[in-house]
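Read off the chains here:
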Amino acid sequence: MLRASNPVVWLPALLAAASTVFAPVASAQTCEGARPTDAAGNQGISYGTAKVSFYDAASGLARVHYALSGPHAPPVASTLEAGVPDAVVVAAQAADDALAKYAELSYLPPLSDADSPCASNGGSDAVDIYLIHFAAADGQAALDHCEAGSPKRCAGFVLVENDFKGGGYANVAEGMRTVVTHELFHLVQDAYDAEVERWWAEGTAQWAAKQVYPELQDLERFLPAYFKNPWRPLNVPPNGVITDFLYATAIWPVFLQQRFDASVVREVYEGFGQGADGALPTTDVVLKNHDSSLAQEFLQFAAYNATTAGLGTEGAGYSDGASYPAVPVKALTPGIDPLVSDIDSGLGAYYYSLKPDAPLQVALDADPTRVAGLVIPIVDGMLDLTGAQPLPATVDGEATVVVAGQSLLRTDAPFSLSGVAPRTGSEAGAKGDGGPDSSGCSISGGARENAANSGAALGFVVTLLGQCRARRRPRKGR
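Cut-offs used in this document
- Residues numbered from 1 in each chain as written.
- Predicted model: local features only at pLDDT ≥ 70, side-chain atom pairs only at ≥ 80, totals over all residues.
- Heavy atoms only, no water.
- Buried < 20%, exposed > 50% of the residue type's maximum accessible area, 1.4 Å probe, protein only.
- Helix = DSSP H or I, 4+ residues; strand = E, 2+ residues; numbered from the N terminus.
- Pairing = 2+ DSSP bridges.
- Right-handed = clockwise from strand over helix to strand, strands pointing away.
- Axes fitted to C-alpha atoms, helices over the stretch in contact; angles between N-to-C directions.
- Parallel < 35°, antiparallel > 145°, perpendicular 65-115°, else oblique.
- Contact = heavy atoms within 4.5 Å.
- Nonpolar A, V, L, I, M, F, W, Y, C, P; charged D, E, K, R; others polar.
- Expected span 1.5 Å × (residues − 1).
- Salt bridge = Lys/Arg side-chain N within 4 Å of Asp/Glu carboxyl O.
- 1 Å grid on protein atoms, 1.4 Å probe; cavity = no way out; pocket = protein on both sides within 12 Å on 5 of 7 lines; lining within 4 Å.
- Points joined across faces, edges and corners; volume = space filled by probe spheres on them.

Some points on the pairing of strand β2 (residues 62-67)
On any regular strand, side chains alternate: one points to one face of the sheet, the next to the other face.
Okay, so step 1: Summarising burial for β2: six of the six residues are buried, a large majority.
Okay, so step 2: Of the two faces of β2, the one carrying A62, V64 and Y66 and the one carrying R63, H65 and A67 are both buried.
Okay, so step 3: Taking the residues between adjacent antiparallel strands as the criterion, strand β1 (residues 52-56) and β2 are bridged by five residues, where G60 takes a positive phi near 85 degrees.
Okay, so step 4: One ladder, built from four bridges, connects β2 with strand β3 (residues 127-132); its direction is parallel. Among the inter-strand pairings, R63 is bridged to a residue of β3, identified as D128.
Okay, so step 5: Read as a crossover between parallel neighbours, the route from β2 over helix α2 (residues 86-104) to β3 is left-handed.

Take a look at the structure:
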């Protein structure tokens with residue numbers, strides 16, 4: 001629902017933060033990028049000779065620039081504020097909502113461009129948003145100037161599509177709310193490290209926009225690009241300048257928030273420049289501070305992804321998992337040895353279905369530092385995460401077997417699954433060898449329990465229940 005004017009209900013929180021919303025920036029370096037208001041424009045995009053106006057957000061923390069004529073002018077409809085195009089007003093409101101939410105989540109604000117070495121800083125130290133007409137994109141974050149040192153921290157501005165015609169959005173308001181919140185989070189990222197990996201930058205920007213406007217469905221629209229290819233490591237997107245996979249990796253911060261809380265995503269940004277090199281190694285450090293690890297949580301993540309599309313029991317996995325797409329599952333035939341052989345490389349996930357006529361002991365043959373697996377029983381047609389067990393495990397009835405990478409190494413990590421009739425009585429040996437008398441490691445509730453990965457020196461934690469707490473035009477650049 002469109003708001004009729006600059007709202008006042010959220011002004012107090014914004015104004016209270018106004019004195020600290022812009023972080024100080026060190027002495028300006030060289031100009032990194034021109035603006036559409038400059039003669040040369042930004043990468044050839046210029047307002048040219050068109051008359052230009054601007055509109056300040058209610059908080060004063062953001063300024064929207066727009067042309068009054070020509071191809072970059074927004075639609076002229078003005079129903080929200082007299083004399084100001086609705087697209088401009090909604091963009092300003094979205095900017096205020098985003099900046100307020102990111103401050104609430106304790107992120108650093110975008111760095112100030114007050115001491116910009118460029119021809120223009122937009123006329124103020126507010127965050128600048130320029131409405132333009134893209135040929136094949138809907139938004140872009142651009143750098144103004146950067147601090148010296150590492151990590152590379154930069155101030156910047158954003159470019160946003162002016163009318164969203166043919167872009168897959170229901171209307172201009174939906175487009176503005178989706179893209180402005182996404183692109184402003186890129187400026188937040190740049191306050192930590194402007195050279196963050198693309199997949200993490202785009203995935204967390206999608207996640208962040210969802211924090212501002214939970215009702216928007218942009219995050220969900222891109223998810224098929226990951227769920228169709230779960231074997232592909234999160235940090236290894238397909239080749240190409242722009243791929244949907246980058247945006248689909250938003251499912252990883254969604255998972256981290258659900259398993260812990262939203263602060264974990266911020267802690268990864270705060271960890272940049274403190275020793276670990278890369279988003280996932282830094283995530284591992286953060287997770288160890290939460291008594292877990294990247295390997296443990298990726299197996300959890302893979303299990304959560306098995307229960308989407310309404311395939312999991314109620315209360316397990318993602319809170320919104322029923323609206324997420326399903327992962328591909330390969331059916332295995334009992335009696336064949338091995339049941340399947342495959343090769344992992346990095347943090348990928350593989351899914352197999354089994355429906356033996358009699359109990360079957362399923363084991364994973366793999367380097368335990370590279371690959372781990374678990375079995376999720378299917379009860380009344382639904383995946384029951386409360387009954388999940390690490391391999392080896394006995395499958396008695398229908399089940400899904402999940403195999404997931406445990407290492408960032410990109411060399412081949414072959415694995416195979418075998419299935420034999422379980423041993424009985426004295427054959428089973430001591431309790432805990434994976435035979436039918438073993439208590440296994442079935443997990444229920446939200447408590448963490450240590451589980452032994454049979455045949456592996458690597459221990460991992462499995463907590464599988466409980467919540468701690470249409471293709472459109474691609475975005476250009478980042």
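Back to the write-up after that little detour.
Focus on the packing of helix α4 (residues 198-212) against helix α8 (residues 251-259)
Okay, so step 1: Running from N to C, α4 and α8 point in directions that differ by 55 degrees, and their axes come no closer than 8 Å. When the interaxial angle is binned, α4 and α8 end up oblique. Residue-level inspection shows W199, W200, G203, T204, W207 and Q211 of α4 in contact with α8, the latter providing W252, P253, V254 and Q257.
Okay, so step 2: Residue composition of the contact of α4 with α8, by class: six nonpolar, four polar and no charged.

Quick look at helix α10 (residues 279-288)
Okay, so step 1: By the criterion of burial, α10 is predominantly enclosed, with seven of the ten residues buried.
Okay, so step 2: Listing the buried residues of α10 in full gives A279, L280, T282, T283, D284, V286 and L287.
Okay, so step 3: In this structure, the buried side of α10 is in contact with α4, α8, α9 (263-271) and α11 (294-306).

Some words on the sheet that holds strand β9 (residues 360-366)
Either a parallel or an antiparallel arrangement is found when strands of a sheet pair, and the pairing is made through backbone hydrogen bonds.
Okay, so step 1: The sheet built from four strands is open, its strands ordered β7-β15-β9-β13 with antiparallel pairing. Looking at which strands have only one partner, the edges of the open sheet turn out to be β7 (340-344) and β13 (393-395). Averaged over all pairs of adjacent strands, the angle between strand axes in this sheet comes to 30 degrees, irrespective of strand direction.
Okay, so step 2: Here β9 pairs with β13 via three bridges, running antiparallel. When the sheet's bridge partners are listed, L360 is paired in β13 with V395.

Regarding α4
Okay, so step 1: Its 15 residues place the ends of α4 21 Å apart at the C-alpha level, agreeing with the 21 Å of an ideal helix rising 1.5 Å per residue.
Okay, so step 2: Counted residue by residue, α4 has 14 buried out of 15 residues, so it is predominantly covered.

Concerning the pattern of salt bridges
Okay, so step 1: With the rule as written, the count across this model stands at twelve salt bridges.
Okay, so step 2: A salt bridge links D56 to R63; the nearest nitrogen and oxygen atoms lie 2.6 Å apart.
Okay, so step 3: A salt bridge links K288 to D284, with the nearest nitrogen and oxygen atoms 3.2 Å apart. Of the two residues, K288 and D284 are both situated in helix α10; the distance of four residues between them amounts to about one turn of the helix.

Regarding empty space enclosed by the protein
Okay, so step 1: Space inside the largest cavity adds up to approximately 50 Å³.
Okay, so step 2: As for the largest cavity, its lining consists of T178, Q206, A209, K210, L216, D218 and L219.
Okay, so step 3: Of all elements in the fold, only α4 and α5 (218-222) reach the threshold of two or more residues within the lining of the largest cavity.
Okay, so step 4: Per-element accounting of the lining of the largest cavity gives the leading share, three residues, to α4.
Okay, so step 5: Taken together, the residues of the lining of the largest cavity sort by class into three nonpolar, two polar and two charged.

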